[in-house]
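# Coordinates in review
Here is what each chain is made of, one letter per residue.
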Amino acid sequence: MLDPKLLRSDPQFVAQRLALRGFTLDIARLESLESRRRELQTATEQLQNERNVRSKAIGKAKAAGEDIQPLLAEVGQLGDDLDRAKRELAEVQRAWDDMVAGLPNLPHDSVPEGADENDNVELHRWGTPREFDFEVRDHVDLGARFGYLDFELATKLTGSRFAVMRGPIARLHRALAQFMLDKQTQEHGYEECYVPYMVNADSLVGTGQLPKFGEDLFRLTGDNGYYLIPTAEVPLTNFVRDEILDRAALPLKLTAHTPCFRSEAGAYGRDTRGMIRQHQFDKVEMVQVVEPATSYAVLEEMRGHAEAILRALELPYRVVTLCAGDMGFGAAKTYDLEVWLPSQRTYREISSVSNCEDFQARRMQARFRSPEQKKPQLVHTLNGSGLAVGRCLLAVLENFQNADGSIDVPAILQPYMGGVTRINAD
RNA sequence: GGAGAGGUGGCAGAGUGGUCGAAUGCACCGCACUCGAAAUGCGGCAUACCUUCGCGGGUAUCGAGGGUUCAAAUCCCUCCCUCUCCGCCA
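What comes next concerns the included structure. On a predicted model such as this, the values are computed, not experimentally measured, just so you know. (Residues numbered from 1 in each chain as written. Chains lettered and ligands numbered in written order. Predicted model: local features only at pLDDT ≥ 70, side-chain atom pairs only at ≥ 80, totals over all residues. Heavy atoms only, no water.)

### Things to note about the sheet that holds strand β8 (residues 252-261)
Inclusion rule: Only strands joined by at least two bridges in the DSSP assignment are considered to pair. Helix and strand definitions here come from DSSP, where helices need a minimum of 4 consecutive H or I residues and strands a minimum of 2 consecutive E residues; each element is numbered from the N-terminal end. In what follows, residue pairs with any heavy atoms lying within 4.5 Å of each other are defined as contacts. To obtain an axis, a line is fitted to C-alpha atoms, over the contacting stretch when the element is a helix, and the angle between two such axes runs from 0 to 180 degrees between their N-to-C directions.
Read from one edge of the open sheet, eight strands run β1-β10-β11-β12-β15-β9-β8-β4, paired in mixed fashion. At either margin of the open sheet sits one strand with a lone partner, and together these are β1 (121-126) and β4 (191-192). Relative to strand β15 (residues 380-388), strand β12 (residues 346-355) runs antiparallel, the two sharing three bridges. Note on β15: the bridge partner recorded for Val-353 is Gly-384. Along the sheet face, helix α10 (residues 295-312) touches β1, β8, β9 (280-290), β10 (317-321), β11 (333-341), β12 and β15 and points at about 5° away from the line of β15.

In structure tokens:
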């Protein structure tokens, strides 16, 4: 959520920043709602005050043994007026809340302008894509060789956009997740967490998936209305919802390996082959909750934490700064890491690292207290994949393939594979 | 799933429908005392929003949401959560 004070004091500025991401702010509507809200709130509170004063007077009179009938008569009309005022106020307030809850975050000054992914700016590349002296197979073909990666089976079990992994590929998948988790906890200082894979609506509102993007989520039937998590960012970031932290508790660095569930309602027809875009995939997620002054330094740090995984795996990648138009709803600045996929001869997203500044914190009422400042201040929240396990798996399969369809296990993963150095061999 | 007991400020813990935003204790902060500290005394100590240049004033919040009432932490309803016992289970 954007700062209501800023929306009020400088709507032109907000509109201009939002325009960078292709969002049009209806200033006239905002201002009309705001002025009506203010008017109604003041009037309602005055009525409320009057009623409180009179009720107290009745209490005193009664305690003093006086006749309270005349006082009751005086107060008669007040209740109706108050009810009406409250109703009107609630209506306007809700309209305003709905409008503001639907506004995306403002892009940071350093974010490049642009409308879509074509305008993202490459920051740097690492590694050199390997030249193959044979015709490369994509991960679907490689995985099908011994039935280690089976999409048809998953379709029978469930439906499209799911995968079954078996044998060494299933183990490679597990090895990747274990390796990532170890790296983030042991070398980068994150606390390992195990979290619910279902969350309530409040958590999703806190991180910004709701109310606007419900169609991307799997909602469970039943009275409690839980949702499957689309990313561990949701449970991890919501650790601090409605909390006032001690400054000494910051930065809070959390990581978790979880499955992620996405309905991808708007993505039909894209990446239908293979496991690029699945309804269920595993991810190791990093979340940091920090003091505002440090958040941009932390963003760079977290990008490094994600890059470290790809480097250790010897996977060529590039880093792009997302342009304003391509960023997610809550992000003020985002880096995407894109891994080289030989079968597509292109880089594909494998990690996204974002600084949400106080956007999520304001929705969550997540604050911290420092000795210098009397009032609690909003924290800044950041999240990043470190990394997407499924996409990483397919990157390994494709980049480490041999002419005979076997796949070398990256050196760093071999200890996690019981010393196995090559899979898919005859 | 069944039966019972509960959810009050950072924590503990009072609270008869009416001067209750809420006693008291602990923790924390300031001041006094002290060479310093401890102990003691005095004072302060929730959050959000509205209003004011400021001092200040106002509104809301006692798990959540409804209801009764001139007035609700207190009464009624629904839901959520916690604890104890039983059942079932990994």
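Following the structure, the description resumes.
### Re the pairing of β12
Moving residue by residue along a regular strand, the side chains alternate between the two faces of the sheet. Put simply, the rule is: Only protein chains enter the accessibility calculation, which uses a 1.4 Å probe; a residue whose area is less than 20% of its type maximum is buried, one above 50% is exposed, and one in between is partly exposed.
Taking burial as the measure, the 10 residues of β12 include seven buried ones, the bulk of the element. Pairing geometry for β11 and β12, over nine bridges, is antiparallel. Residue pairing across strands places Leu-341 opposite Thr-346, the latter belonging to β12. Hairpin connection of β11 to β12: four residues between the antiparallel strands, including Arg-345 at a positive phi of 45°.

### Digging into the packing of aromatic side chains
Our working definition: Pairing of aromatic rings covers Phe, Tyr and Trp, the last through its six-membered ring, and needs centres within 6.5 Å; plane angles under 30 degrees mean stacked, over 60 mean edge-to-face, and all others mean tilted. Only lysine NZ and arginine CZ atoms are considered, and such an atom sits over a ring when it is within 6 Å of the ring centre and within 35 degrees of the ring normal.
Applying the stated criterion across every chain yields a total of eight aromatic pairs. Judged by centre distance (5.6 Å) and plane angle (45°), the rings of Phe-146 and Tyr-148 are tilted. By relative accessible area, which is 36% here, Phe-146 ends up partly exposed. Note on Tyr-148: relative accessible area 21%, which makes it partly exposed. Ring geometry for Phe-329 versus Phe-359: centroids 5.5 Å apart, planes at 80°, classification edge-to-face. Taken as a pair, Phe-329 in the loop between β10 and β11 and Phe-359 in helix α11 (residues 359-364) lie far apart in primary sequence, 30 residues in all. The same class applies to Phe-329 and to Phe-359, which are both buried. A network of ring pairs unites the aromatic residues Phe-213, Phe-329 and Phe-359 as a single cluster. The ring of Tyr-190 carries Lys-253 above its face, with NZ or CZ at 5.0 Å from the centroid. Above the ring of Tyr-335, the side-chain terminus of Arg-303 is found at 4.8 Å from the ring centroid.

### Re the pairing of β15
Along β15, nine of the nine residues are buried, which leaves the element largely enclosed by surrounding structure. With seven bridges joining them, β9 and β15 adopt antiparallel strand pairing. Residue pairing across strands places Glu-285 opposite Ser-385, the latter belonging to β15.

### A few points about the pattern of salt bridges
Between side chains of opposite charge, a pair can form as their charged atoms come close. In plain terms, the rule: Basic side-chain nitrogens of Lys or Arg form a salt bridge, by our definition, when they fall within 4 Å of a carboxyl oxygen of Asp or Glu.
As enumerated under the stated definition, the model contains 21 salt bridges in all. In this structure, Arg-8 engages Glu-34 in a salt bridge whose closest nitrogen and oxygen atoms are separated by 2.8 Å. Taken together, the residues span a long stretch of sequence, with Arg-8 in helix α1 (residues 4-9) and Glu-34 in helix α3 (residues 27-63) at a distance of 26 residues. Residue classification places Arg-8 among the partly exposed residues on the basis of a relative accessible area of 36%. Where salt bridges share partners, they join Arg-8, Glu-34, Arg-37 and Arg-38 into one cluster.

### With respect to the protein's contact with RNA strand B
Which entries qualify depends on this criterion: By convention in this text, a residue qualifies as near a molecule or strand provided that one of its non-hydrogen atoms is within 4 Å of it. Polar contact criterion, stated in full: a pair of N or O atoms within 3.5 Å, where within protein one must be able to donate a hydrogen and the other to accept it, and residues adjacent in sequence count only if both atoms are side-chain atoms.
Near RNA strand B, the surroundings consist of 23 residues, among which Arg-8, Gln-41, Asn-49, Ser-55 and Arg-367 are the closest. Restricting the count to atoms of RNA strand B within 4 Å of the protein gives a sugar and phosphate share of 66%. Here a phosphate oxygen of RNA strand B and a side-chain polar atom of Arg-8 are 2.8 Å apart. Between RNA strand B and the protein, one listed contact pairs a base oxygen with a side-chain N or O atom of Lys-62 at 3.2 Å. When residues of the surface near RNA strand B are traced back to their parent elements, those giving at least two are α1, α3, α4 (69-101) and β13 (367-369). When residues of the surface near RNA strand B are assigned to their parent elements, the largest contribution, 15 residues, is made by α3.

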